[in-house]
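Fold and contact review
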Amino acid sequence: MSAKLKDRIATFVIIAFSALIIALLVGMLGYILVKGISHIDWHFLTAEPETIKAGGGIGPELFNSVYLLILTLIITIPLGIGAGIYMAEYAKEGRITVSIRLVVEVLSSFPSIVVGLFGLLVLVNTFNFGFSVLSGALVLTIFNMPLMVRVTEQAFRNVPREQKEAGLAMGLSRWKIITSILLPVALPAIITGTILAAGRIFGEAAALLFTAGLTTPKLDFTDWNPTSLHSPINPLRPAETLSVHIWKVNSEGLSPDAAEIAAGSSAVLVLMVLIFNLLARWAGRLLYRKFTSIK
Amino acid sequence: MKANHETPPFMKANQETPLLFRKHRAEEWIGRIYTTFCVALLIVIIVSIVYFVASKGVSTFAVNGVSLSGFLFGQNWQPDSDKFGALPFIFGSFVTSLLAAVIASPLSVCAALFMTEITPNWGKKVLQPVVELLAGIPSVVYGFIGLSVLVPFLRSVFPGQGIGVAAGSIVLSIMILPTITSIATDALASLPRNLKEASYGLGATRWQTISGVVIPTVLPSILTGVVLGMARAFGEALAVQMVIGNAPHIPSSLFESASTLTSVITLNMSNTVMGSVQNNALWSMALILLLMTFVFVLVVRLLERRTKI
């Protein structure tokens, strides 16, 4: 076989495999959206789920997912940015920094189910938070922290040196430089990273099985007292999220329309992830323009 | 006497720190303490995860007296008759993640080559978002598609029920594709131009350049991606659990129901009583997952040390 023919065959194979990947994504998205979107309507998005009858909705699950996401971000963002700032600005090259880097790497590669089990043991049982939104949010924080640390550190390192030096020359304190000069420049990248991480939180399920639970008490959307069990904003109530619901419906769903509900929920979940992706790109570009006055 | 001890006025002025300086110092401390606290929290989290999982996982052997070799190499998982052989699950985890890597690696490397070597301009514009979206799809959705498309397909083509190691590996391979692809793409893109140009200058074809120069140079990076992908596959729980069938024995074919460490933990953790032998055995499996994470990170570190272009 001549070298030229081999080259042609190899090129063909590479292009064919790449086309296969594109076809896989298009096929999967198409399947979910075609199967699911016909099932999505206002009733489906707001109604209570049914265990045995057909016609159940995903209202509480959708609310739980969003609520859990917001709570997680409230906890994660300050902690993650703080640790990221430490890594970018305060850490001196040395053994301690190397080991902190290793900690971040290991923490981000722990299987989600193991982190979930840790949450079950420590948060649910030992701290007695029970299966609750709070336990779920704290476990998701453990996932999200390494991601935020990396994003923040990278964003801070990408700030031009001159900006920092200008601040130092003005006699500002290091903290003042971080908060008033570096952070605004780094913010677009941090926000983009945060939104992408939010997409991941939204889809996470394995860790939530053991922490946020598989059930939701009947929610009363007129009750905003955070200590009442039926209040949607009570952080100590169990909360089944949308992705956990998909798993539950698939593995132990009894209702006759379980397949449709799974398809509809998957479509909602995928659409949310798509929206997060688009939002991340758009917000990053917009904020970058706003903060740097680059057209 | 007292007057002698008083500081003379000209020194007093120097001792009093200016207001701005004091403010700066306070700020500096707040910043330092806050960021150090955040980092310390990370360390506390990881230490406590390892401690709690390990103490629970070890108690199977230390408190309940299950033998370690019986757990690691025993083939019978019958908690009711006190048989806690976890080999079927360990086997299932290793086989599915290895197979997933075998399926995903060629696809990912081809995608990376397509983006960097074949059509660097529009190839990247098309495939990059595709890969990012694949990475963004939640694992339960992969499981759902596997269950409703892949399993019926396998059932109609191959003998058996469709569920099993094959279905699990295929679902996992699609899930780890983005990991391997993005790392391989980064490595290929950072390859110095002159290496390739030298090869082309000698009259090599594109494929000769790719197979003789490009791939050997970036191989450690590609392997890093493969190992990271395998680590992800090894720890993935719900997508695999949904399609693998969950039978607690070593399958004799790829199309026979099997189990992984993650799937058995997912299914049984909430059905067993905290502190019982069966429950502790599940924690031992979690400990295996944890230890494997360290192994994967170690391998990645070793590979990265060789990645010096």
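Values in this document were obtained by computation on a predicted structure and should not be read as measured data.

In this section: the overall build of chain B. Each helix and strand in chain B was counted, giving 13 helices and two strands. Compactness check: chain B gives a C-alpha radius of gyration of 28 Å against a globular reference of 19 Å for 309 residues, more than 25% above the reference. Referenced to the eigenvectors of the C-alpha coordinate spread, the extents of chain B come out at roughly 105 × 70 × 35 Å. When contacts within chain B are restricted to residue pairs at least 6 apart in sequence, long-range pairs at least 24 apart make up 72% of them.

Here we take up the overall build of chain A. Helix and strand content of chain A: 11 helices and zero strands. Along the first, second and third principal axes, the C-alpha set of chain A runs to 70 × 70 × 40 Å. Burial statistics for chain A: of 295 residues in total, 47% are counted as buried. Residue pairs at least 24 apart in sequence account for 75% of intrachain contacts in chain A once pairs closer than 6 positions are excluded.

Residue and element names in this part refer to chain B. Its domain assignment divides chain B into domain 1 (2-62) and domain 2 (77-306). Here the C-alpha centre of domain 2 lies 43 Å away from the C-alpha centre of domain 1. With seven residues of domain 1 in contact, the opposing surface of domain 2 contributes eight residues. Among the residues making up the side of domain 1 that touches domain 2, the classes are represented as three nonpolar, three polar and one charged.

Detailed reading of the predicted model is not advised wherever pLDDT is low. Residues at a pLDDT of 70 or more form 98% of chain A, whose mean pLDDT is 86. Per-residue pLDDT, averaged within each element of chain A, yields its smallest value for helix 2 (residues 42-46) of chain A (80) and its largest for helix 6 (residues 133-157) of chain A (92).

What follows is about the packing of helix 1 (residues 3-37) of chain A against helix 10 (residues 206-235) of chain B. It is at 7 Å that the axes of helix 1 of chain A and helix 10 of chain B come closest, and there the two elements cross at 75°. In this view, helix 1 of chain A runs roughly perpendicular relative to helix 10 of chain B, as classed from their interaxial angle. Judged by residue contacts, Ala3(A), Lys6(A), Asp7(A), Ala10(A) and Thr11(A) of helix 1 of chain A engage Arg206(B), Trp207(B) and Gln208(B) from helix 10 of chain B. Its residues placed into classes, the contact of helix 1 of chain A with helix 10 of chain B shows three nonpolar, two polar and three charged.

Ranked by size, the top nonpolar core spans 173 residues in total, and within it Val114(A), Leu117(A), Ala167(B), Val171(B), Val243(B), Met285(B) and Ala286(B) carry the most contacts. Formed jointly, this core draws a minimum of three residues from each of two domains, domain 1 (2-62) and domain 2 (77-306) of chain B. The residues touching Ala167(B), leaving out its near neighbours within four places in the chain, are Gly146(B), Leu150(B), Val151(B), Leu154(B), Gly162(B), Val243(B) and Ile244(B).

For helix 8 (residues 174-203) of chain A, spanning 30 residues, the distance from its first C-alpha to its last is only 38 Å, which falls clearly below the expected 44 Å at 1.5 Å a residue. Maximum bend of helix 8 of chain A: about 55°, positioned at Leu183(A), with proline Pro184(A) one to four residues after it.

Looking now at the packing of helix 12 (residues 261-268) of chain B against helix 13 (residues 277-306) of chain B. A pair of packed helices is characterised by two quantities: the angle between their axes and the separation of those axes. Residues and elements named next belong to chain B. Where helix 12 meets helix 13, the axes come as close as 10 Å, and the angle between the chain directions of the two elements is 145°. Here the hand of the crossing between helix 12 and helix 13 comes out left-handed. Together, Leu261, Thr262, Val264, Ile265 and Asn268 of helix 12 and Leu282, Met285, Ala286, Ile288 and Leu289 of helix 13 make up the contact between the two elements. Taken together, the residues that form the contact of helix 12 with helix 13 break down as eight nonpolar, two polar and no charged.

Looking now at the environment of Gly284(A). Residues and elements named next belong to chain A. Turning to its location among the elements, Gly284 is positioned in helix 11 (residues 258-292). On a C-alpha basis, the gap between Gly284 and Ile100 in space is 28 Å, while along the polypeptide they are 184 residues apart. Dropping the residues within four chain positions of it, Gly284 is found in contact with Pro188, Ala189, Ile191 and Thr192.

Attention now goes to unusual backbone geometry. Positive phi is not limited to glycine here, since Asn128(A) has a value of about 65°. Position of Asn128(A) relative to the elements: it lies in the loop between helix 5 (112-126) and helix 6. Of note, Asn246(B) is a non-glycine position whose phi angle comes to about 65°, a positive value. Looking at where Asn246(B) falls in the secondary structure, it is placed in the loop between helix 11 (238-244) and helix 12. On the basis of neighbour count, Asn246(B) is assigned to the buried category, with 20 C-beta atoms found within 10 Å.

Once that is clear, we can look at the confidence of the model for chain B. Per-residue confidence for chain B gives a mean pLDDT of 87; residues scoring 70 or more make up 94%. Interface confidence for the predicted complex, given as ipTM, is 0.88, next to a pTM of 0.88.

What follows concerns the environment of Leu187(A). All names here are of chain A. The residue Leu187 is located in helix 8 in this model. Here Leu187 falls in the partly exposed class, since 19 other C-beta atoms lie within 10 Å of it. For the pair Leu187 and Tyr288, spaced 101 residues apart in the sequence, the C-alpha separation amounts to 8.2 Å. If near-sequence neighbours (up to four positions away) are discounted, Leu187 is found in contact with Leu287 and Phe291.

Calculation rules
- Residues numbered from 1 in each chain as written.
- Chains lettered and ligands numbered in written order.
- Predicted model: local features only at pLDDT ≥ 70, side-chain atom pairs only at ≥ 80, totals over all residues.
- Helix = DSSP H or I, 4+ residues; strand = E, 2+ residues; numbered from the N terminus.
- Rg over C-alpha atoms; globule rule 2.2 N^0.38 Å.
- Contact = placed C-beta atoms within 7 Å.
- Buried ≥ 20, exposed ≤ 12 C-beta atoms within 10 Å, placed from the backbone.
- Domains from an automatic or database assignment.
- Nonpolar A, V, L, I, M, F, W, Y, C, P; charged D, E, K, R; others polar.
- pLDDT = per-residue confidence, 0-100.
- Axes fitted to C-alpha atoms, helices over the stretch in contact; angles between N-to-C directions.
- Parallel < 35°, antiparallel > 145°, perpendicular 65-115°, else oblique.
- Core = buried A, V, L, I, M, F, W, Y, C linked by C-beta atoms within 7 Å.
- Expected span 1.5 Å × (residues − 1).
- Bend = angle between axes of the 7 residues up to and from the residue.
- Left-handed = near helix turned anticlockwise from the far one by under 90°.

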